[in-house]
Structure formats: C-alpha cells, structure tokens
Amino acid sequence: MDNSSGVGVLDKAALVLGALEAGPATLAGLVQVTGLARPTAHRLAVALEHHRLVARDMQGRFILGPRLGELAAAAGEDRLLAAAGPVLARLRDITGESAQLFRRQGEGRVCVAAAERPTGLRDSIPVGTQLTMHAGSAAQILLAWEEPERLHRGLQGAKFTAATLAAVRRRGWAQSVGEREAGVASVSSGIRSPSGKVVAAVSVSGPLERLSRQPGRMHAPAVMAAAERLSEALRRAAE
C-alpha cells in the first residue's frame with residue numbers, strides 16, 4: 001500500500017518518527033529501519049530535534065521528543081497529561097512543594113508536566129527536562145515494577161539497591177534524599193494504566209531542610225492519592 005502523501009520530506013520525517021515509536025535508535029538504526037540514506041536520516045533527525053519532536057537519551061540515541069506529548073495533550077488525546085494539570089496543582093497546594101509527572105523515555109526519564117511552588121526556595125524541573133534513571137524517587141518508581149532483566153540492568157550504576165526497590169513495591173511509594181542532587185529530597189508514587197502497568201510517576205520535590213531526611217513520612221499519603229486520581233483518570237478514559 002502506498003503511504004506517500006506526495007510531499008516527500010514529510011513522508012521521510014514520518015518514517016523517522018515511526019521508527020522511534022519502537023524505542024531509542026542510533027543513526028545506523030534509523031537508516032536500517034527507514035531505508036533512508038544516512039545523510040538524509042541524520043538531517044531529518046536533527047531538524048526534528050530542533051523542533052523538539054525528536055530528542056536524545058543519555059547515550060545520545062534518538063528518541064521521541066517532548067513536543068509530541070505537548071501536542072497530544074493539546075489535542076485531548078493524552079488523557080494522562082490532560083488530567084495532570086489540576087492534580088499536580090492540588091498536590092503542590094497540599095504539600096507546599098513543586099510537583100512533577102515523569103515518564104520513562106529510553107534509558108532516562110522525562111518531566112512531562114509540572115506545577116511549581118510559586119515563591120521561596122524550590123526544586124524547579126521544567127517540562128521537557130530529561131533526568132537519569134539511576135537516581136531519584138521517580139526513577140525508583142519507574143524501575144521497581146519492570147521485568148527482572150530490565151530491573152537488573154537498571155540497577156547497574158544506580159544510587160539505590162534491589163532492596164530499596166523491594167521496599168518501594170511493598171509500600172507503593174519511594175523517597176530519595178540527595179540522590180539526584182545534593183540538598184534535594186523527593187517522594188514519588190506510580191500511576192497505573194488500566195492493565196495495571198506503571199506508566200508514569202507523580203512526585204513532589206524540594207529542599208532537604210523542609211522535606212527532612214524522611215520525606216515520605218510527610219508527603220507519601222498526598223502523593224499516593226494524586227497517583228490514584230491519575231490512575232483513575234486513565235481507567236475512565238478506557239471505558
């Protein structure tokens with residue numbers, strides 16, 4: 001079947017985006033999957049990166065970019081992002097700390113929505129920021145329920161241990177103190193798809209002096225409630 005639109009450059013860009021739907025790809029991988037010439041694939045990928053439709057993971061591989069999530073939310077197609085705004089704002093107001101929504105992207109994680117604390121000392125993570133999967137409470141959540149092989153691989157070089165993730169699975173929330181950045185603490189909980197898979201993590205983060213060395217004691221109930229509200233939004237969307 002001919003999928004040509006008659007506009008060659010758009011058809012080729014669509015090939016690149018379609019190839020990245022399966023996950024991170026090197027330039028050689030893009031060439032192999034799309035059948036495009038190497039210079040063409042590189043030129044298109046870099047141009048799409050300029051417009052944030054493509055991004056890079058921690059290894060420099062091409063991945064789908066944050067602009068796609070923003071467009072999907074604007075079109076009302078991404079129910080999680082559409083529901084996230086008021087839930088994150090409420091979580092920020094309840095806890096007094098900045099709230100974020102993270103999704104895994106390749107070998108890292110990306111902030112796809114945020115509600116910032118308006119004044120005072122805060123942990124600011126702009127939408128589109130890519131962070132490591134080796135540190136932070138959201139990374140713990142996004143890794144804890146992975147299949148054993150991917151979990152084991154994810155623990156290599158991580159600042160948390162298998163025992164840490166076992167505790168996360170048992171209680172349903174994670175905390176970190178100075179893992180990602182000195183002087184910063186956070187609490188996260190998982191958002192589940194209708195099938196029960198953890199697809200995102202909702203978090204609050206802020207300075208250690210306010211959150212203490214046991215931030216979960218302060219904010220785990222509010223963070224878990226926010227995660228449940230977003231999980232419920234996904235369940236309703238699937239009905």
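Residues numbered from 1 in each chain as written. Predicted model: local features only at pLDDT ≥ 70, side-chain atom pairs only at ≥ 80, totals over all residues. Heavy atoms only, no water.

The name given to the protein in an unreviewed UniProt entry is DNA-binding IclR family transcriptional regulator, and the organism recorded there is Actinopolymorpha pittospori.

Enquirer: A description of the packing of aromatic side chains should follow, citing residues and the corresponding values.
Expert: As enumerated under the stated definition, the model contains 0 aromatic pairs in all. The ring of Trp173 carries Arg171 above its face, with NZ or CZ at 3.9 Å from the centroid. Over the face of the ring belonging to Trp145 we find Arg192, whose NZ or CZ atom lies 4.9 Å from the ring centre. (Phe/Tyr/Trp six-rings, centres within 6.5 Å; stacked < 30°, edge-to-face > 60°. Lys NZ or Arg CZ within 6 Å of the ring centre and 35° of its normal.)

Enquirer: Could you give an account of the sheet that holds strand S7 (residues 184-192), naming the residues involved and the relevant values?
Expert: Ordered by their spatial adjacency, 6 strands build an open sheet running S5-S4-S3-S8-S7-S6, and the pairing between neighbours is antiparallel. The sheet terminates laterally at strand S5 (130-132) and strand S6 (173-177), the two strands that pair on one side only. The sheet shows a mean angle of 30° between the axes of neighbouring strands, taken without regard to direction. The sheet contact formed by S6 and S7 spans 5 bridges and is antiparallel. The residue of S7 that forms the bridge with Trp173 is Ser189. Packed on one face of the sheet, helix H5 (residues 79-95) meets strand S3 (98-105), strand S4 (108-115), S7 and strand S8 (198-207) and runs near 140° to S3. Helix H6 (residues 137-144) contacts S3, S4, S5, S6, S7 and S8 of the sheet and is inclined by roughly 145° relative to S6. (Pairing = 2+ DSSP bridges. Helix = DSSP H or I, 4+ residues; strand = E, 2+ residues; numbered from the N terminus. Axes fitted to C-alpha atoms, helices over the stretch in contact; angles between N-to-C directions. Contact = heavy atoms within 4.5 Å.)

Enquirer: An account of helix H3 (residues 38-50) is requested, with residue identities and associated values reported.
Expert: Between the first and last C-alpha of H3 there are 18 Å, a value that for 13 residues agrees with the 18 Å anticipated at 1.5 Å per step. On its buried face, H3 sits against helix H1 (8-20), helix H2 (27-34), strand S1 (54-56) and strand S2 (62-64). Of the residues flanking the end of H3, it is Arg52, one or two places downstream, whose phi is positive at about 65°. (Expected span 1.5 Å × (residues − 1).)

Enquirer: Which residues make up the pairing of S3, and what are the values?
Expert: Most of S3 is tucked away: 6 of the 8 residues are buried. One ladder, built from 5 bridges, connects S3 with S8; its direction is antiparallel. Bridging across to S8, Leu101 finds its partner in Val202. As paired elements, S3 and S4 share 7 bridges and run antiparallel to each other. Residue Phe102 lies in a different strand from S4, and its bridge partner there is Cys111. Taken together, S3 and the strand that follows it, S4, pair antiparallel across an intervening segment of 2 residues, in which Gly106 is found at a positive phi of about 65°. (Buried < 20%, exposed > 50% of the residue type's maximum accessible area, 1.4 Å probe, protein only.)

Enquirer: Lay out H1 in plain terms, naming residues and giving numbers.
Expert: Over its 13 residues, H1 extends 19 Å from the first C-alpha to the last, a length consistent with the 18 Å expected when each residue adds 1.5 Å. Among the residues making up H1, those that are buried are Ala13, Val16, Ala19 and Leu20. What you see down the axis of H1 is that its buried residues fit within an arc of 120°, all on one side. Check the buried side of H1 and you find it contacts H2, H3, S1 and S2. (Arc of directions from axis to C-beta.)

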